[in-house]
Amino acid sequence: MMMAKHKTIWLIALACLLLAVGALCYVMYMPHRDITREKPIVVTAVELTDAYQKDEPAANEKYLNRALQVSGTVNDVETNNDGKSVITLAGATPLSGVRCTLQKNITVETGKTVILKGRCTGYLSDVVLIDCVLVE
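Because the structure is a prediction, the values reported are computed rather than measured.

The subject of this paragraph is a nonpolar patch on the surface. A surface patch of nonpolar side chains, about 410 Å² in accessible area, is lined by Leu11, Leu14, Leu17 and Leu18. In this fold, leucine 14 is placed in helix α1 (residues 2-29).

Right, dumping it as structure tokens:
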């Protein structure tokens, strides 16, 4: 009788362990979004920053976690701590912009007009896009 109880407890513990390992593997190896295949919302950097400055909750409803195709003038190009290119597009005001972290490093000159496609993660002092790719 006692032996059957221990066996049941061990089987439950083993099942929980297998479930935890399976969940961990799923999270680590699940397919990530391929932004290049998603249909984007087309917007300019000026329109995007203006929308967030006027009404952040409404802008989040429309743009947050969605694929965006943003056109604008390159205001700044830098490399972040992970070694990825970050392009800032000029926004509606001199203090606003769209920070685009690219999937692959590229070279682009400030003052040029570009079109980038990425996923919007919200608004800090700039609108933030990640996983960006150069469209033009």
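Anyway, onward from the coordinates.
This part is about the pattern of salt bridges. Scanning the entire structure with this criterion turns up 4 salt bridges. Aspartate 34 is paired through a salt bridge with arginine 37; the nearest N and O atoms lie 3.0 Å apart. Two residues, aspartate 50 and lysine 54, come together in a salt bridge whose shortest N-O distance is 3.1 Å. With aspartate 50 and lysine 54 both in helix α2 (residues 45-54) and 4 residues apart, the pair spans about one turn of that helix. A residue is classified by how much of its surface remains accessible, and lysine 54, at 65% relative accessible area, is exposed.

The next subject is the environment of isoleucine 87. Here isoleucine 87 shows up in strand β3 (residues 85-90). For the pair isoleucine 87 and leucine 102, spaced 15 residues apart in sequence, the C-alpha to C-alpha distance is 7.7 Å. Apart from residues no more than four positions distant in its own chain, isoleucine 87 is found in contact with Val74, Asp76, Val77, Val98, Arg99, Cys100, Leu102, Ile106, Val108 and Leu116.

With their axes 5 Å apart at the nearest point, α2 and helix α3 (residues 56-63) run at an angle of 135 degrees to one another. Between α2 and α3, the angle is such that the two are oblique. Residues Leu48, Ala51, Tyr52 and Lys54 of α2 form the contact with α3, whose own contacting residues are Glu56, Ala59, Asn60 and Tyr63. When the residues that make up the contact of α2 with α3 are grouped by side-chain class, the tally is 5 nonpolar, 1 polar and 2 charged.

Topologically, tyrosine 63 is positioned in helix α3. Counting along the chain gives 23 residues from tyrosine 63 to proline 40, while the straight-line C-alpha distance between them is 10.0 Å. The residues touching tyrosine 63, leaving out its near neighbours within four places in the chain, are Ile41, Val43, Leu48, Ala51, Tyr52, Leu68 and Cys120.

Cut-off values and rules
Residues numbered from 1 in each chain as written. Predicted model: local features only at pLDDT ≥ 70, side-chain atom pairs only at ≥ 80, totals over all residues. Heavy atoms only, no water. Patch = residues over 30% accessible without salt bridge, like charges linked within 9 Å, V, L, I, M, F, W, Y side chains within 5 Å. Areas by Shrake-Rupley, 256 points an atom, 1.4 Å probe, with all protein chains shown as cover. Salt bridge = Lys/Arg side-chain N within 4 Å of Asp/Glu carboxyl O. Helix = DSSP H or I, 4+ residues; strand = E, 2+ residues; numbered from the N terminus. Buried < 20%, exposed > 50% of the residue type's maximum accessible area, 1.4 Å probe, protein only. Contact = heavy atoms within 4.5 Å. Axes fitted to C-alpha atoms, helices over the stretch in contact; angles between N-to-C directions. Parallel < 35°, antiparallel > 145°, perpendicular 65-115°, else oblique. Nonpolar A, V, L, I, M, F, W, Y, C, P; charged D, E, K, R; others polar.

In short, shape yes, function no, at least from these values alone.
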